[in-house]
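Each chain, letter by letter, is given below.
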Amino acid sequence: MDENLMMIWRKCLQFMRDNLNAAEDNSDLKKLEKSFDLLFDKVQPISLADNNLTLMVPSDFYKEYIEDNYLSLLSAALKKNIGKGVKLWYSVMENRPNGLEKPVTMNMKGKSVPTPRTQETMPQGFSSNIVNPFVVPGIKKVNIDSNLKSDFSFDNYVEGESNKFAATVARSIAKRPGATAFNPLFLYGGYGVGKTHLGQAVGLEVKSQFPDKVVLYLSSEKFIQQFISSAKAHKQTEFANFYQMVDVLIIDDIQFLSGKSATQDSFFHIFDHLHQNGKQIILTSDKAPADIMDIQDRIVSRFKWGLSAEIKSPDLQTRRKIIVDKLSRDGIVLTDDMLDFLASETKTNVRELIGVINSVIAYSTVYKTELSLELLKDTISKIAANQKKIINIPYIQEVVCDYFGIKKEQLLSKTRKREIALPRQLAMYFSKELTNATFTKIGEEMGGKDHSTVMYACDTIKDVSKIDKEVKKYVKDLSERIKK
Ligand SMILES: Nc1ncnc2c1ncn2[C@@H]1O[C@H](COP(=O)(O)OP(=O)(O)OP(=O)(O)O)[C@@H](O)[C@H]1O
């Protein structure tokens, strides 16, 4: 590489850095400071001839980001270190390995730089059409909102037999993200057992130990949504680039990639890029890797590269510890028999247990009473009586079967007889309308049907109920029964 050019470029970088350093707090210039090193680390000057400076950038995004945010500062740096009238060219590594684009002429006299967006050759940016909830406006993709909940820390995570192994591994990953053999960490287990909490705890710890690392938590559904938006806008490359900037990527409920082959392809490439570059990946799922249906083998095999750790429903001792831990934060101390009672009341998942604990805290705060075993029993029975019915897919299936007088096996079967097929379509329709489940999830719960079958059922019921009185009545009756 041309030593002279490198020296000039280093001076330009230093000039820009000094200016950012000296900028006033909260000024637009100051806000750029955080993204500066991340961005310019990946920009290389490759030639300077006849006042034409060519910069090599990894993707269109870099070019656009520089021109949107750094043009004035870069112009000043070039003017100072090279002279007036420098023309800037970009060589975009991705997609166009050798292709140079038309120059973007910089007016070195003050701020009257031509707006690059009006140039014919300017690529449209990732941010223009795709709403990315994790990007802090103004700093775009470089400063990412990690989307972590401060409550989900290791300090708040109670360990016991059911989660000890997973928690130990998680802690060691947090100390050396991407540098342990546990990459990816695949956490799986039932509903509300603490998978998200543990995954996020790693993210929070990494952020606190290594503030410069880019950590991102998101649900797989958000990932799918973003992928679809990017595909519609022909911006899959920018979508992948965005994720490739992340140091610790935590994706929740990865089983929802099931059946989404285009999203799986994109995920596969992002995964490989991150893994090869020593970035940490953490995935959670309600199933072990081998049990996820409709997912490419190459992805399942990658899930197994690192470590799969199951988190089980908490045992009695762990439930007890969680209760003591949560209540002690509110200064509430229970006797042993009260603790045993509470711990034995909620057996399956921690989310439910926490609901009960919060009710106890609320009761004790509102009534300012000494808690006793009798009072606890009374509170719990009242909670149970007042608890709103949870509308989930099995419950909807139950109501539909009851209404039509059919068996659940018939509902979940493959028969196309109208007396069964119509209730099945109604069950699918209400599952979509009244729960947060995806088409894929509903298909799985409806006896392993494809997501397109569920979509078709939902559309059919919507359309037919507008014109067919009988179906309209079914929809009305079932809606009342399910919500009752
Ligand atoms: N070991 C634990 N110690 C303290 N709190 C816990 C523990 N496990 C779970 N929780 C709490 O229980 C609630 C549910 O946990 P979380 O959301 O992590 O479950 P999950 O396994 O991801 O569930 P789902 O699959 O339904 O998303 C959260 O409030 C979390 O803080």
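The structure we're discussing is the one just above.
First, a word on what this report is: a plain description of the structure on this page. Bear in mind that the values here come from a model prediction, so they are computed numbers and not experimental data. (Residues numbered from 1 in each chain as written. Predicted model: local features only at pLDDT ≥ 70, side-chain atom pairs only at ≥ 80, totals over all residues. Heavy atoms only, no water.)

A few words now on helix H16 (residues 393-404). Along its twelve residues, H16 runs 17 Å from first to last C-alpha, staying within 8% of the 16 Å computed at 1.5 Å per residue. Along H16, the positions that sit buried rather than exposed are Ile-393, Tyr-395, Ile-396, Gln-397, Val-399, Val-400, Cys-401 and Tyr-403. Its buried side turned inward, H16 meets helix H17 (408-412), helix H18 (418-434), helix H19 (439-445) and helix H21 (469-483). Two or three places before Tyr-395, at the opening of H16, Asn-392 has a side-chain oxygen 3.0 Å from that residue's backbone nitrogen. Where H16 terminates, the next one or two residues include Gly-405, which has phi positive at roughly 65°. (Helix = DSSP H or I, 4+ residues; strand = E, 2+ residues; numbered from the N terminus. Expected span 1.5 Å × (residues − 1). Buried < 20%, exposed > 50% of the residue type's maximum accessible area, 1.4 Å probe, protein only. Contact = heavy atoms within 4.5 Å. Polar contact = N/O pair within 3.5 Å; in protein donor to acceptor, adjacent residues only side chain to side chain.)

Quick look at the sheet that holds strand S9 (residues 248-252) now. Hydrogen bonds between backbone groups are what pair the strands of a sheet, and the pairing can be parallel or antiparallel. Read from one edge of the open sheet, five strands run S8-S9-S10-S7-S11, paired in parallel fashion. Looking at strand neighbours, the two that pair on one side only are strand S8 (215-219) and strand S11 (307-311), the edges of this open sheet. Across the sheet, the mean angle separating the axes of adjacent strands is 15° when strand polarity is ignored. Sheet strands touched by helix H10 (residues 261-276): S9 and strand S10 (280-285). Its angle to S10, the strand with the most contacts, is close to 140°. (Pairing = 2+ DSSP bridges. Axes fitted to C-alpha atoms, helices over the stretch in contact; angles between N-to-C directions.)

With that settled, consider the environment of Ile-380. In this fold, Ile-380 is placed in helix H15 (residues 373-386). In this structure the C-alpha to C-alpha distance between Ile-380 and Ser-359, which are 21 residues apart in sequence, comes to 8.2 Å.

Under the defined criterion, the tally for this structure stands at 19 aromatic pairs. Both rings, one in Phe-404 and one in Tyr-474, keep their centres 4.9 Å apart while their planes meet at 75°; by these two values the pair is edge-to-face. Residue Phe-404 is found in helix H16, and its partner Tyr-474 is found in helix H21; the two are separated by 70 residues along the sequence. The partly exposed category is assigned to Phe-404, whose relative accessible area is 23%. The rings of Phe-186, Tyr-188, Phe-223, Phe-227, Phe-239, Phe-242, Tyr-243, Phe-267, Phe-271, Phe-303 and Trp-305 are connected pair by pair, giving a single aromatic cluster. Directly above the ring of Phe-268 sits Arg-298, whose terminal nitrogen or CZ lies 3.7 Å from the centroid. (Phe/Tyr/Trp six-rings, centres within 6.5 Å; stacked < 30°, edge-to-face > 60°. Lys NZ or Arg CZ within 6 Å of the ring centre and 35° of its normal.)

For the rest of this paragraph, the subject is the pattern of salt bridges. Across all of its chains, the model carries 16 salt bridges by this definition. As a salt-bridge pair, Arg-171 and Glu-159 come within 2.9 Å of each other at their nearest N and O atoms. You can see Arg-171 sitting in helix H6 (residues 164-175) and its partner Glu-159 sitting in the loop between strand S6 (140-144) and H6, a full twelve residues away along the chain. Note that Asp-286 is salt-bridged to Lys-441, the shortest N-O span being 3.8 Å. Of this pair, Asp-286 sits in the loop between S10 and helix H11 (297-303) while Lys-441 is found in helix H19, placing the two residues 155 residues apart along the sequence. Each of Asp-286, Lys-287, Lys-441, Glu-444 and Glu-445 takes part in salt bridges that share partners, so that together they form one network. (Salt bridge = Lys/Arg side-chain N within 4 Å of Asp/Glu carboxyl O.)

Our focus in this paragraph is the site of the ligand. Around the ligand sit 18 residues, and of these Val-158, Gly-192, Lys-195, Thr-196 and His-197 come closest. Between the ligand and Val-158 there is a distance of 2.8 Å, counted from a nitrogen atom to a backbone nitrogen or oxygen. At a separation of 2.9 Å, an oxygen atom of the ligand approaches a polar backbone atom of Gly-192. Those elements that provide at least two residues to the shell around the ligand are helix H7 (195-209), helix H12 (316-329) and helix H14 (350-367). Considering only residue class, the shell around the ligand consists of eight nonpolar, seven polar and three charged. Taken domain by domain, the makeup of the shell around the ligand includes at least three residues from each of domain 2 (164-311) and domain 3 (316-386). (Near = heavy atom within 4 Å. Nonpolar A, V, L, I, M, F, W, Y, C, P; charged D, E, K, R; others polar. Domains from an automatic or database assignment.)

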